[in-house]
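Chain residues, written in single-letter form:
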Amino acid sequence: MKQKTKIVIGILALLLMICGLAWWFLPVRFLRGVAPEEVVTVQVCNGNNGHEFEITDANAISYLVKEIQQIAFQKEGFAAEVPIWYQLTFFNKSGEKIVTFGVQNTNLMRKEITQKWTVFYGCHGELNAVGEELERLESAQFPDYNKDPAFSAHKP
């Protein structure tokens, strides 16, 4: 009986490791299954300068959603309490939060898994268009805004 229990536990541990590795290496797509017209507001917070603003223009929201959806991200690692560039919170027509994540730079997106731990998702610069649009929208509301030179940094 003891030998069978050890074998079963070993098989379960191996399956758990295989599932964990598969989860880690599968690409991630943010806003998957969300139609751009479902999003009515995006709350934006610039972690570098404290500017907070809302995006309600349907064209700007559609552009951001579509740009983010087309990027396949890979999990890069975990970190604790790393400052972010832009934090985006997407809301639907009923005012319910769809998702919140952070744009770290042109190569990294982040999503909190707990209050203290964050998973980083990498791409190959595809977030550049998203960053430029966010900076354009921010500069329209805050005329004193200066483009962040650290945006194109590679790692947190």
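Placed above this text is the structure.
Note that the structure is predicted; figures quoted are calculated from it, not measured. (Residues numbered from 1 in each chain as written. Predicted model: local features only at pLDDT ≥ 70, side-chain atom pairs only at ≥ 80, totals over all residues. Heavy atoms only, no water.)

Chemist: What is the right way to look at the side chain of Arg110 in this model?
Modeler: Within the secondary structure, Arg110 sits in strand S6 (residues 108-112). This buried residue, Arg110, is left without a salt bridge; Glu112 holds the nearest opposite charge, at 4.3 Å. At a separation of 3.2 Å, a polar atom in the side chain of Arg110 contacts the side chain of Thr118. (Helix = DSSP H or I, 4+ residues; strand = E, 2+ residues; numbered from the N terminus. Buried < 20%, exposed > 50% of the residue type's maximum accessible area, 1.4 Å probe, protein only. Lys, Arg positive; Asp, Glu negative; His and termini not counted. Salt bridge = Lys/Arg side-chain N within 4 Å of Asp/Glu carboxyl O. Polar contact = N/O pair within 3.5 Å; in protein donor to acceptor, adjacent residues only side chain to side chain.)

Chemist: Looking at this structure, I do not really get the pairing of strand S1 (residues 39-46). What am I missing?
Modeler: When S1 meets strand S4 (residues 86-92), the two strands line up antiparallel, connected through 7 bridges. Its bridge partner lying in S4, Val42 is registered against Phe90. Relative to strand S2 (residues 52-55), S1 runs antiparallel, the two being bridged by 4 bridges. Looking at the pairing, Cys45 lines up with Glu52 of S2. Following S1, the chain reverses through 5 residues before pairing antiparallel with S2; Gly50 in that reversal takes a positive phi of roughly 85°. (Pairing = 2+ DSSP bridges.)

Chemist: Which parts of the structure should I look at to understand the nonpolar core?
Modeler: Side chains of a nonpolar character, in soluble globular proteins, are inclined to be buried together. Core analysis: the largest hydrophobic core is formed by 32 residues, its most contacted members being Ile55, Leu88 and Phe90. Taken together, the elements giving at least two residues each to this core come down to S1, S2, helix H2 (58-69), S4, strand S5 (97-105), strand S7 (117-122) and helix H3 (128-141). The element contributing the most residues to this core is H2, with 5 residues. Residues contacting Ile55, with those up to four places away along its chain left out, are Val40, Thr41, Val42, Val44, Ala60, Ile61, Leu64, Leu134 and Leu137. (Core = buried A, V, L, I, M, F, W, Y, C linked by side-chain atoms within 4.5 Å. Contact = heavy atoms within 4.5 Å.)

Chemist: Help me understand the side chain of Glu133, please; the structure alone is not making it clear to me.
Modeler: For Glu133, the location among the structural elements is in helix H3. When sequence neighbours within four positions are dropped, the list of residues in contact with Glu133 reads Ala60, Tyr63 and Leu64.

Chemist: I would appreciate a short explanation of the packing of H2 against H3 in the present structure.
Modeler: Any two packed helices are characterised by the angle at which their axes cross and by the distance between the axes. Orientation of H2 relative to H3, taken along the N-to-C sense of each, is 160°, at an axis distance of 9 Å. As the angle between them shows, H2 and H3 are arranged roughly antiparallel. Crossing angle aside, the handedness with which H2 passes H3 is left-handed. Contacts from Ala60, Tyr63, Leu64, Glu67 and Ile68 in H2 reach Ala129, Val130, Glu133, Leu134 and Leu137 in H3. Considering only residue class, the contact of H2 with H3 consists of 8 nonpolar, no polar and 2 charged. (Axes fitted to C-alpha atoms, helices over the stretch in contact; angles between N-to-C directions. Parallel < 35°, antiparallel > 145°, perpendicular 65-115°, else oblique. Left-handed = near helix turned anticlockwise from the far one by under 90°. Nonpolar A, V, L, I, M, F, W, Y, C, P; charged D, E, K, R; others polar.)

Chemist: Please explain H2 as it appears in this structure.
Modeler: The α-helix winds at 3.6 residues per turn, so residues separated by three or four positions along the chain end up facing the same way. The first and last C-alpha atoms of H2 sit 16 Å apart over 12 residues, in line with the 16 Å expected at 1.5 Å per residue. The complete set of buried residues in H2 reads Ala60, Ile61, Ser62, Leu64, Val65, Glu67 and Ile68. Tucked inside the fold, the buried residues of H2 contact S1, S2, S4, S5, S6 and H3. (Expected span 1.5 Å × (residues − 1).)

Chemist: Teacher, can you tell me more about the packing of aromatic side chains here?
Modeler: Both the distance between ring centres and the angle between the ring planes are used here to describe each pair of aromatic rings. Applying the stated criterion across every chain, the model contains 8 aromatic pairs. Ring geometry for Phe30 versus Tyr121: centroids 5.1 Å apart, planes at 90°, classification edge-to-face. Here Tyr121 lies in strand S7 and Phe30 lies in the loop between helix H1 (2-25) and S1, a separation of 91 residues in the sequence. Tyr121 shares its class with Phe30; the two are buried. Plain terms: the ring middles of Phe53 and Phe142 are 6.4 Å apart, the flat faces sit at 65° to each other, and that makes the pair edge-to-face. Linking Phe53 in strand S2 with Phe142 in the segment after H3, this pair joins segments that are 89 residues apart in sequence. Residue classification places Phe53 among the buried residues on the basis of a relative accessible area of 5%. Within the aromatic cluster, the residues linked to one another by ring pairs are Phe30, Phe73, Phe90, Phe101 and Tyr121. (Phe/Tyr/Trp six-rings, centres within 6.5 Å; stacked < 30°, edge-to-face > 60°.)

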